[in-house]
Amino acid sequence: MNSEEKEDCECAPPQAETCPAGGTNREYVEPEIENPEASRMKRAAAKHLIERYYHQLTEGCGNESCSNSWCASSAGFTRMDNNAAAVKALELYKLNAKLCDPHPSKKVTASPHLESNAHSNSGSTNRKLNHKDVHSVRDNFKDVNYLTEEKVYEILNICGEKEDYSPLIRVLGRVFSSAEGLVQSFRRSKPHTKEELKSLQGKDEDKDEDEKESAACSTTAMEEDSPAASSSSSRLGEGSSGDNEVQKLGPDEVSVDIEAVRRVYERLLSNEKIEAAFLNALVYLSPNVECDLTYHNVYSRDPNYLNLFVIVMENSNLHSPEYLEIALPQFCKAMSKLPLAALAKLARLWSHYSAEQIRRMVETFQQLITYKVISNEFNSRNLVNDDDAVVASTKCLKIVYYANVLGGDLDMEHNEDEDEEPLPESSELTLQELLGEERRNKKGPRVDPLETELGIRTNDCRRPLIAFEEFVNEPLNEVLEMDKDYTFFKVETENKFSFMTCPFILNAVTKNLGLYYDNRIRMYSERRITVLYSLVQGQQLNPYLRLKVRRDHIIDDALVRLEMIAMENPADLKKQLYVEFEGEQGVDEGGVSKEFFQLVVEEIFNPDIGMFTYDERTKLFWFNPSSLENEGQYTLIGIVLGLAIYNNCILDVHFPMVVYRKLMGKKGTFRDLADANPVLYQSLKELLEYEGSVEDDMMITFQISETDLFGNPLMHDLRENGDKIPVTNENRKEFVAQYAEYMLNKSVEKQFKAFRRGFHMVTNESPLKYLFRPEEIELLICGSRNLDFLALEETTEYDGGYNRNSRIIKEFWETVHSFGEDQKRLFLQFTTGTDRAPVGGLGKLKMIIAKNGPDTDRLPTSHTCFNVLLLPEYNNIEKLRERLLKAITYAKGFGML
């Protein structure tokens, strides 16, 4: 080995000794080190040999009289493209084929300016290079093992002068295919300043600069030809010395100069040949990175390993079709192997990016998921959960999702206090333990590990950088087998991935289906436990939550029964609900329960009862702070709402969004007044924006007034002796915050805590909080407000002799479409038991219209449990309209047909 080859070894992975005859001595002598390092060095040596075979096939050894048939310099060699050369290089390595020594003509290293000087001295004006010139230019940069912005531009300029970009392509291929080289590339020479962070973020928002500034975290500028830099780039994860020593980085900082990387990509990606070098290098890089992360724990030894992911993700062409087949899936698999701390650091770093940059990364991963979904036929036998590329890209998308949350408008402070008393345990718990059926989620629903690592929840984000809806992938939702996915979610096995662990990618319909499976399985579990309990105890117990009520005393009967159950054995609330109206023959298969909830809600929210106040302007209900009802009544209302979700029933409930935010653990703030009390919100907003003297012109104090149940005025001090404290320009923000705090939290604290306690009695073990955001909880409880009857017509099925083209069916839909909004709601109430559309709209409602005999004077009837309309074959459209309107207008009660 000559001195030049020894130099190469200092800045490249270890290579095998070369025999004098030109063959290769494969006996690799392991240094006395631990096994993992020996293994890594073996892989590096093999990698280097394969690279030498590749260069031999593509460039040759430089000896024009070479006799090696697998050398590009030999006379009879047939040229091949890069892909074929890569495959052949691997074959030659396996065969231990002859490997040429570099010819002396290839070993002459010239300065970067040697070629241009020689060219200018020749006096020739022809810019085209001869064969020897090309090799000389290429050799100039073989010692470049990492890149800086300046080095890229230097090589680019030289290549531009020679009109030959192959040296640059080779350098990019070598560096971007090497984890070691890429990690050392584009280092920052100094810590980020405030201005740099702002340029990274790309948006003007008043964020706390103190949180963004962390400890200084960079390496000093690398000297391009220094031995320290060369040697440190050859070994990753080992204790480096000199300029590349790992320095302390802030939680959202990396040592790579991101702006420099962006400028380099912008200049290079316009050239198609250069872009191909990035693509090929990524294919080569990703498996090695995946191996390093999976087996060698490289990130814990060198946190700068994260640099390569930052650099690759800055490539704005990653979503291009040529990346989707191999390069991007492999890279996603590598990224998904990062440890939790690294994932959190990436999320924190990307949270400083602009909305456009976040959207670009989202589109990159979404494009890959969609491409894989539509190019494969996924079904119950070929699950999308088993596709490595889809799973890996979903995991990567999760990092961007939390970056989107972190970079948005956060409210980390206003959190509801937890219930002081723990929810009562089931009296059957001992029996469950005896039977090996101990509850899985005794501590409540799971929390995402990345969420815990970042110390943030999705509900803390008021407004993300880009809308949450952009993370939903509809093609994936269409092929996802939710019953299988839910099983993987509950079992939590490492070899089976569940998309329920990434709920941001699922739409509300899919998540609702997952919640439905969870509720049903819990019901069956309670039923089985009851049967086993009765066998052990020898007493007959009811496997259902059975409620027998009188229609005209529904509140008294239902709430008294629920109160007894909540006190005696709350676990019974998780049994399947079975409602029976006294004196009626209806059997509850779902429809009777729907009507029960509808009637209970109508009674509870009657303003005359005084438990809730009603705002005529917003058409919304709010807790009455001066209600005479005790806390137990509000607890029971919370139970009713929980039971509705648990039994998949939609309620006609009109709460402002802040109620659902509070149920999810967030307090109400001034911004929540916008929909809860728009008049008060506007007044307080004008107070904050007032440019004159608030104290002199408005003369208000920290004492506010409100009215009680009987209209009497009540005074409340926001601060001690509030009537003596004037509101000024300096303290008006405090006044507004305390006003909102009192109206939305303190004034209704007793009522809301009782309400939330009842709600959690039913849903405390449910994945509700994990899967849904507050606006989706509202959709879950209230259904969709948009009644699209054209979608309902498209999905309706027919039975008993009717079909889509039957005369009566065409007249029926013509009649229904002519109804007004109120009549359409009455029709839905009559047919399905509720006047609201389910999650996903009326297109998700499976309605059946069945023939119920020939023309008759009988009214249409329905099975609300199964959404079945029994329609006689009326002679004409006028009679159909008259009979149908009468049926839906006067429908009340249940009977047996």
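Conventions and cut-offs
Residues numbered from 1 in each chain as written. Predicted model: local features only at pLDDT ≥ 70, side-chain atom pairs only at ≥ 80, totals over all residues. Heavy atoms only, no water. Helix = DSSP H or I, 4+ residues; strand = E, 2+ residues; numbered from the N terminus. Buried < 20%, exposed > 50% of the residue type's maximum accessible area, 1.4 Å probe, protein only. Contact = heavy atoms within 4.5 Å. Areas by Shrake-Rupley, 256 points an atom, 1.4 Å probe, with all protein chains shown as cover. Pairing = 2+ DSSP bridges. Axes fitted to C-alpha atoms, helices over the stretch in contact; angles between N-to-C directions. Expected span 1.5 Å × (residues − 1). Polar contact = N/O pair within 3.5 Å; in protein donor to acceptor, adjacent residues only side chain to side chain. Salt bridge = Lys/Arg side-chain N within 4 Å of Asp/Glu carboxyl O. Phe/Tyr/Trp six-rings, centres within 6.5 Å; stacked < 30°, edge-to-face > 60°. pLDDT = per-residue confidence, 0-100. Parallel < 35°, antiparallel > 145°, perpendicular 65-115°, else oblique. Left-handed = near helix turned anticlockwise from the far one by under 90°. Nonpolar A, V, L, I, M, F, W, Y, C, P; charged D, E, K, R; others polar. Core = buried A, V, L, I, M, F, W, Y, C linked by side-chain atoms within 4.5 Å. 1 Å grid on protein atoms, 1.4 Å probe; cavity = no way out; pocket = protein on both sides within 12 Å on 5 of 7 lines; lining within 4 Å. Points joined across faces, edges and corners; volume = space filled by probe spheres on them. Patch = residues over 30% accessible without salt bridge, like charges linked within 9 Å, V, L, I, M, F, W, Y side chains within 5 Å. Lys, Arg positive; Asp, Glu negative; His and termini not counted. Charge placed at Lys NZ, Arg CZ, Asp CG, Glu CD. Disulfide = S-S within 2.5 Å. Right-handed = clockwise from strand over helix to strand, strands pointing away.

A.B. asks: So what about the overall build of the protein? Which residues, and what values?
C.D. replies: Assigned secondary structure in the protein consists of 40 helices and 12 strands. Looking at the protein residue by residue over its 897 residues, the buried ones come to 52%. Pairs at least 24 residues apart make up 76% of the contacts formed inside the protein by residues separated by at least 6 positions. As displayed, the protein has an accessible area near 42100 Å², and 48% of this comes from carbon and sulfur atoms.

A.B. asks: Give a description of the sheet that holds strand β10 (residues 848-851) that names residues and reports values.
C.D. replies: With mixed pairing, the four strands of this open sheet are ordered in space as β9-β10-β12-β11. Of all the strands in the sheet, the pair left with one neighbour each is β9 (797-799) and β11 (861-863). Adjacent strand axes in the sheet meet at a mean angle of 25°, parallel and antiparallel pairs treated alike. Pairing geometry for β9 and β10, over three bridges, is parallel. Its bridge partner lying in β10, Glu-797 is registered against Ile-848.

A.B. asks: Go over helix α28 (residues 631-646), please, and point to the residues and values.
C.D. replies: When the terminal C-alpha atoms of α28 are compared, their 22 Å separation across 16 residues agrees well with the 22 Å that a helix rising 1.5 Å per residue should span. Of all the 16 residues making up α28, 13 are buried; the element is thus mostly covered by neighbouring parts of the structure. Between the side-chain oxygen of the N-cap and the backbone nitrogen of Gly-632 there are 3.1 Å, and the N-cap of α28 in question is Asn-630.

A.B. asks: Explain the pattern of salt bridges to me, and be specific about the residues and the numbers.
C.D. replies: Within this structure, the stated rule accounts for 38 salt bridges. A salt bridge links Arg-170 to Glu-59, with the nearest nitrogen and oxygen atoms 3.0 Å apart. Within this pair, whereas Arg-170 is found in helix α7 (residues 166-176), its partner Glu-59 is found in the loop between α2 (35-58) and α3 (82-95), the two being separated by 111 residues in sequence. Glu-775 is paired through a salt bridge with Arg-773; the nearest N and O atoms lie 2.9 Å apart. Given the relative accessible area of 34%, Glu-775 is considered partly exposed. Exposure remark for Arg-773: the relative accessible area of 11% places this residue in the buried category. Among the charged side chains, a network of salt bridges with common partners joins Glu-469, Lys-511, Arg-773, Glu-775 and Glu-776.

A.B. asks: Please provide a residue-by-residue account of the packing of aromatic side chains, values included.
C.D. replies: Taken as a whole and assessed by the stated rule, the structure comprises 36 aromatic pairs. The interplanar angle of 45° and the centroid separation of 6.0 Å between the aromatic rings of Phe-752 and Phe-755 together place this pair among those described as tilted. On the criterion of helical spacing, the pair formed by Phe-752 and Phe-755 is a turn pair, its members being three residues apart in helix α34 (residues 749-763). Its relative accessible area of 2% is what places Phe-752 among the buried residues. By relative accessible area, which is 0% here, Phe-755 ends up buried.

A.B. asks: I'd like a description of the confidence of the model for the protein, backed by residues and values.
C.D. replies: Across the protein, the average pLDDT comes to 78, with 78% of residues at 70 or higher. Summarising per-element confidence for the protein, the mean pLDDT is lowest in helix α11 (residues 227-232) (33) and highest in helix α20 (residues 388-406) (96). Segment residues 105-139 is flagged for pLDDT under 50; beyond a separation of four residues in sequence, or across chains, it makes 44 contacts in the model. Counting contacts from residues 203-246, a segment whose pLDDT is below 50, to residues more than four positions away or on other chains yields 103 contacts.

A.B. asks: Kindly report on the packing of helix α13 (residues 272-295) against helix α17 (residues 327-335), identifying the contributing residues and their values.
C.D. replies: Two measures define how a pair of helices packs: the angle their axes make with one another and the distance between the axes. Taken N-terminus to C-terminus, the directions of α13 and α17 make an angle of 25°; their axes are 8 Å apart at the nearest point. Classified by the angle their axes make, α13 and α17 are roughly parallel. Regarding α13 and α17, the two cross each other, and that crossing is left-handed. Of α17, the residues touching α13 (which contributes Leu-279, Leu-282, Val-283, Ser-286, Pro-287, Val-289, Glu-290 and Leu-293) are Ala-327, Gln-330, Phe-331, Lys-333 and Ala-334. Partitioning the contact of α13 with α17 into residue classes produces nine nonpolar, two polar and two charged.

A.B. asks: I'd love a proper account of the packing of helix α39 (residues 821-832) against helix α40 (residues 877-889), names of residues and values included.
C.D. replies: Close contact between α39 and α40 brings their axes to 9 Å; oriented N to C, the two are set at 70°. Classified by the angle their axes make, α39 and α40 are roughly perpendicular. Across from Gln-823, Leu-826, Phe-827 and Phe-830 in α39, the residues of α40 making contact are Leu-884, Leu-885, Ala-887 and Ile-888. When grouped by side-chain class, the residues that make up the contact of α39 with α40 number seven nonpolar, one polar and no charged.

A.B. asks: Can you break down the nonpolar core residue by residue, with the values?
C.D. replies: The biggest cluster of nonpolar side chains holds 190 residues, and the ones touching the most others in it are Phe-176 and Trp-350. Looking at which element gives the most residues to this core, the answer is α20, with 12 residues. Setting aside chain neighbours within four positions, we find Phe-176 in contact with Leu-147, Leu-182, Phe-186, Tyr-265, Phe-278, Ala-281, Leu-285 and Ile-311. Counting residues in hydrophobic clusters, the runner-up holds 26 residues, among them Tyr-802, Ile-808, Leu-845 and Ile-849.

A.B. asks: Describe empty space enclosed by the protein, with residues and values.
C.D. replies: All told, the structure shown has three cavities of 30 Å³ or more when counted by the stated rule. Considering every element that reaches the lining of the largest cavity, the biggest residue donor is α13, with five residues.

A.B. asks: Could you give an account of unusual backbone geometry, with specific residues and numbers?
C.D. replies: Its identity is not glycine, yet Glu-163 carries a phi of approximately 55°, on the positive side. Its location among the elements puts Glu-163 in the loop between α6 (149-162) and α7. With relative accessibility at 57%, the residue Glu-163 sits in the exposed group. You will see that Asn-297, though not glycine, has its phi angle at about 50°, which is positive.

A.B. asks: Tell me what's going on with a negative patch on the surface, and back it up with residues and numbers.
C.D. replies: A contiguous patch of negative charge on the surface is contributed by Glu-695, Asp-696, Asp-697 and Glu-730. Its location among the elements puts Glu-695 in helix α32 (residues 694-698).

A.B. asks: Tell me about the pairing of strand β6 (residues 620-623), and name the residues and values.
C.D. replies: The alternating pattern of β6 places Leu-620 and Trp-622 and Phe-621 and Phe-623 on opposite faces, both of which are buried. Linkage of strand β5 (residues 612-615) to β6, two consecutive antiparallel strands, is achieved through a turn of four residues, within which Lys-619 is found at a positive phi near 60°.

A.B. asks: Please set out the side chain of Thr-763 residue by residue, giving values where relevant.
C.D. replies: Mapped onto the fold, Thr-763 is located in helix α34. By relative accessible area, Thr-763 is classed as buried at 8%. Not counting chain neighbours up to four residues away, the residues in contact with Thr-763 comprise Gly-642 and Leu-768.

A.B. asks: So what about the environment of Leu-282? Which residues, and what values?
C.D. replies: As for its position among the elements, Leu-282 is in helix α13. The buried category is assigned to Leu-282, whose relative accessible area is 4%. A sequence separation of 45 residues divides Leu-282 from Ala-327, and the C-alpha atoms of the two residues are 5.8 Å apart. Residue contacts for Leu-282: discarding those within four places in its chain leaves Val-312, Leu-318, Tyr-323, Ala-327 and Phe-331.

A.B. asks: Requested: an account of the side chain of Thr-148, with residues and values cited.
C.D. replies: Within the secondary structure, Thr-148 sits in the loop between α5 (131-139) and α6. Within the structure, the side chain of Thr-148 is placed 3.1 Å from the backbone nitrogen of Lys-151, a separation counted as a polar contact.

A.B. asks: So what about the state of the cysteines? Which residues, and what values?
C.D. replies: Under the counting rule described, the total for this entry stands at zero disulfides. Counting only cysteine sulfurs, Cys-71 is the nearest neighbor of Cys-61, a cysteine outside any disulfide, at a range of 3.7 Å.

A.B. asks: Would you mind going over the pairing of strand β3 (residues 545-549) in detail, with residue names and values included?
C.D. replies: The two faces of β3 differ: Leu-545, Leu-547 and Val-549 on one face are buried, but Arg-546 and Lys-548 on the other face are not. Relative to strand β4 (residues 577-581), β3 is paired through five bridges, and the arrangement is parallel. In the strand pairing of β4, Val-549 is matched with Phe-581. The parallel pair β3 and β4 is bridged by helix α26 (residues 554-568), and the resulting crossover is right-handed.

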